[in-house]
Amino acid sequence: MPQADLVKEGARQMTICNACRYCEGYCAVFPAMELRRTFGKADLVYLANLCFDCRDCYYACQYAPPHEFAINIPKLMAELRRETYREFTWPGAFAPLFNRNARAVAAITASALALIAVFVLVFTGPAALFATHLGEGAFYRVVPYAAMTVPPLLVSIYGLAVLVAGALRFWRETAGAPGGSVGPAAFLCAARDALGLVYLRGGGAGCNYPGAGFSASRRWLHHLVFYGFLLDFASTSVAAFYDHFLGWQAPYPFWSWPVVLGTAGGVGLMIGTAGLLYLKWKSDPEPSDRPMVDMDVAFLVLLFLTSVTGMALLAFRETPAMGTLLAIHLGAVAGFFLTLPYGKFAHAVYRYAALIRYAAEEREARREAN
């Protein structure tokens, strides 16, 4: 749907919801909606990024299809979020990557994997790729130190810059929204809501996901993915400290901090991503936006492959399969970080920014009420 039509449709649905207000206890979207009387593009962008797609409102709504009002807030919010990602990304030339995101993610990851395989075969040679390497620095005998550290660092800095640019554009776009000043309390409140996935609780009984029944499974699987990712990030950070400051090169012993943290994170990611993919497969398509579902699936599959190849590398690192598994794992990791700012991961930045604004709005509303 063209953006102008989407904004018009969003204003229509929000106006009806604002007259009804039955769903105000489900999540932050409806209390924020009640602070408004009209809904322009900035309001809708803000509200869309407060939505966690729990779908409680859809199954509770008396005006949902087949009613003639055709209120479908989860689908509307997903379409608006997808437009947010396209409009606020940087540089604008890469915005089409959000159109057919699954194909883009697959093509970029396959290209990264092929590039790494060619690099290893040309600069290290087949003998090193298929040999058994033991002891400190074993990985660097397959992929040299500079190749394993410099490109990932540059890609990470670029991805961070893209996400920060998007967050600043989002903040400027929604600056006309009502609300008080944003202080440390708003950041802390938003962090509490984001880290606890508070709004995946729905009204308290859980999400209506994958179907009309209430379930907390989506929230717990999200926790496994989120904290699994953080544990793997901690593992990589500790390993980098060991390597660059203590001179201890990987692979590390099984009971070392990098391996323990990485294993716990990898297991969490595998279970969490596999579970969320299963829920996606079982979910009701009516309250969903098909391109957004494809984007979700591409992100989850790539994260699953990254964790599985990492665990396989750990299990077979002292065998001749290590070189091949290392190349495959690095290809998956490269695909993940190259597509990170142009896929589902972008939602983390916009949702946190929306939660900050919501915390400031809520505080201002309480102050005025008193």
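Relevant structure appears above.
For the structure given in this document, a descriptive report is provided here. As the structure is a computational prediction, the values presented were derived from the model and not from experiment.

1. Some remarks on the side chain of Glu79
Okay, step 1: By secondary structure assignment, the location of Glu79 is in helix α5 (residues 73-88).
Okay, step 2: What Glu79 contacts, discounting residues up to four positions off in sequence, is Leu6 and Asp289.

2. As for the environment of Pro96
Okay, step 1: For Pro96, the location among the structural elements is in the loop between α5 and α6 (101-123).
Okay, step 2: The partly exposed category is assigned to Pro96, whose relative accessible area is 46%.
Okay, step 3: When the C-alpha positions of Pro96 and Ala334 are compared, they lie 20 Å apart, and in sequence the two are 238 residues distant.

3. What about the nonpolar core?
Okay, step 1: Ranked by internal contacts, the top residues of the largest apolar core, which has 70 residues, are Met14, Val29, Phe30, Leu47, Leu50, Ile73 and Met77.
Okay, step 2: The element that contributes the greatest number of residues to this core is helix α14 (residues 346-369), accounting for 9 residues.
Okay, step 3: Residues contacting Met77, with those up to four places away along its chain left out, are Met14, Val29, Leu47, Ala48 and Cys51.
Okay, step 4: Grouped together as the second largest cluster of nonpolar side chains are 21 residues, Val142, Ala239, Leu313 and Leu326 included.

4. Some details on the packing of aromatic side chains
The way to describe two aromatic rings as a pair is by their centre distance and the angle between their planes.
Okay, step 1: Across all of its chains, the model carries 23 aromatic pairs by this definition.
Okay, step 2: Seen in terms of ring centroids, Phe88 and Phe170 are 6.3 Å apart; in terms of plane orientation they differ by 80 degrees. Their pairing is edge-to-face. On the criterion of sequence distance, the pair formed by Phe88 in helix α5 and Phe170 in helix α8 (residues 145-173) is long-range, its members being 82 residues apart. In this pair, the class of Phe88 matches that of Phe170, namely buried.
Okay, step 3: Measuring from centroid to centroid gives 4.8 Å for Phe119 and Phe123, while their planes differ by 35 degrees, and the two rings are tilted.

5. Brief notes about the packing of α6 against helix α12 (residues 290-315)
The axes of two packed helices give the description: the angle between them and the distance between them.
Okay, step 1: For the pair α6 and α12, the least separation of the axes is 8 Å and the interaxial angle reads 25 degrees. As summarised for this structure, α6 and α12 are arranged roughly parallel, according to the angle between their axes. On α12, the residues that touch Asn101, Ala102, Val105 and Thr109 of α6 are Asp294, Met295, Ala298 and Leu302.
Okay, step 2: Class assignment of the residues belonging to the contact of α6 with α12 gives a composition of 5 nonpolar, 2 polar and 1 charged.

6. What about the side chain of Asp296?
Okay, step 1: Of note, Asp296 is situated in helix α12.
Okay, step 2: The residues contacting Asp296, other than those within four sequence positions of it, are Lys280 and Lys344.

7. A look at the state of the cysteines
Okay, step 1: Using the criterion set out here, one finds 0 disulfides in the structure.
Okay, step 2: Left unpaired, Cys23 is separated from the closest cysteine sulfur, that of Cys57, by 5.4 Å.

8. A look at the pattern of salt bridges
Okay, step 1: Scanning all chains against the criterion turns up 14 salt bridges.
Okay, step 2: The salt bridge partner of Asp294 is Arg290, with a shortest N-O separation of 2.9 Å. In this pair, Asp294 and Arg290 are both assigned in helix α12, 4 residues apart and thus about one turn of the helix distant.
Okay, step 3: According to the relative accessible area criterion, Asp294 is partly exposed, its value standing at 30%.
Okay, step 4: Close ionic contact of Lys344 with Asp296 constitutes a salt bridge, the shortest N to O distance being 3.2 Å. In this pair, Lys344 is assigned in the loop between α13 (322-339) and α14 and Asp296 in helix α12, connecting sequence segments 48 residues apart. Of the two residues, Lys344 and Asp296, neither departs from the other in class, the shared state being buried.
Okay, step 5: Three or more residues joined by partner-sharing salt bridges are found here, namely Arg36, Asp43 and Glu361.

9. Concerning the environment of Gln249
Okay, step 1: When you line up the elements, Gln249 lands in the loop between α10 (217-246) and α11 (257-282).
Okay, step 2: Filtering out sequence-adjacent residues up to four positions away, Gln249 remains in contact with Glu136, Gly137, Tyr140 and Asp243.

10. Focus: helix α1 (residues 3-20)
Okay, step 1: Counted at 1.5 Å a residue, the expected span for α1 with its 18 residues is 26 Å, and the 26 Å between its end C-alpha atoms agrees.
Okay, step 2: All of the buried residues in α1 are Leu6, Val7, Gly10, Ala11, Gln13, Met14, Ile16, Cys17 and Asn18.
Okay, step 3: With its phi angle positive at about 65 degrees, Arg21 sits one or two positions after the end of α1.

11. Some words on the packing of helix α9 (residues 184-195) against α14
Okay, step 1: Look at α9 against α14: their axes get within 8 Å of each other, and the N-to-C directions meet at 125 degrees. With respect to α14, the element α9 is oriented oblique. In the packing of α9 onto α14, the handedness of the crossing is right-handed. For the pair α9 and α14, the contacting residues are Ala185, Ala186, Phe187, Cys189, Ala190, Ala191, Asp193 and Ala194 in the first and Tyr352, Leu355, Ile356, Ala359, Ala360 and Arg363 in the second.

12. Focus on unusual backbone geometry
Okay, step 1: Backbone torsion omega between Trp90 and Pro91 reads -10 degrees, so that peptide bond is classified as cis.
Okay, step 2: On the secondary structure map, Pro91 appears in the loop between α5 and α6.
Okay, step 3: Although it is not a glycine, Arg55 adopts a positive phi angle of roughly 70 degrees.
Okay, step 4: Structurally, Arg55 is set in the loop between α3 (41-50) and α4 (56-60).
Okay, step 5: Backbone geometry places Leu197, a non-glycine residue, at a positive phi of 45 degrees.

13. Overview of a nonpolar patch on the surface
Okay, step 1: A grouping of Val118, Leu121, Val122 and Phe123 is seen on the molecular surface, where their side chains present a nonpolar patch of about 420 Å² in accessible area.
Okay, step 2: Locating Leu121 in the fold gives a position in helix α6.

Rules and cut-offs
- Residues numbered from 1 in each chain as written.
- Predicted model: local features only at pLDDT ≥ 70, side-chain atom pairs only at ≥ 80, totals over all residues.
- Heavy atoms only, no water.
- Helix = DSSP H or I, 4+ residues; strand = E, 2+ residues; numbered from the N terminus.
- Contact = heavy atoms within 4.5 Å.
- Buried < 20%, exposed > 50% of the residue type's maximum accessible area, 1.4 Å probe, protein only.
- Core = buried A, V, L, I, M, F, W, Y, C linked by side-chain atoms within 4.5 Å.
- Phe/Tyr/Trp six-rings, centres within 6.5 Å; stacked < 30°, edge-to-face > 60°.
- Axes fitted to C-alpha atoms, helices over the stretch in contact; angles between N-to-C directions.
- Parallel < 35°, antiparallel > 145°, perpendicular 65-115°, else oblique.
- Nonpolar A, V, L, I, M, F, W, Y, C, P; charged D, E, K, R; others polar.
- Disulfide = S-S within 2.5 Å.
- Salt bridge = Lys/Arg side-chain N within 4 Å of Asp/Glu carboxyl O.
- Expected span 1.5 Å × (residues − 1).
- Left-handed = near helix turned anticlockwise from the far one by under 90°.
- Patch = residues over 30% accessible without salt bridge, like charges linked within 9 Å, V, L, I, M, F, W, Y side chains within 5 Å.
- Areas by Shrake-Rupley, 256 points an atom, 1.4 Å probe, with all protein chains shown as cover.

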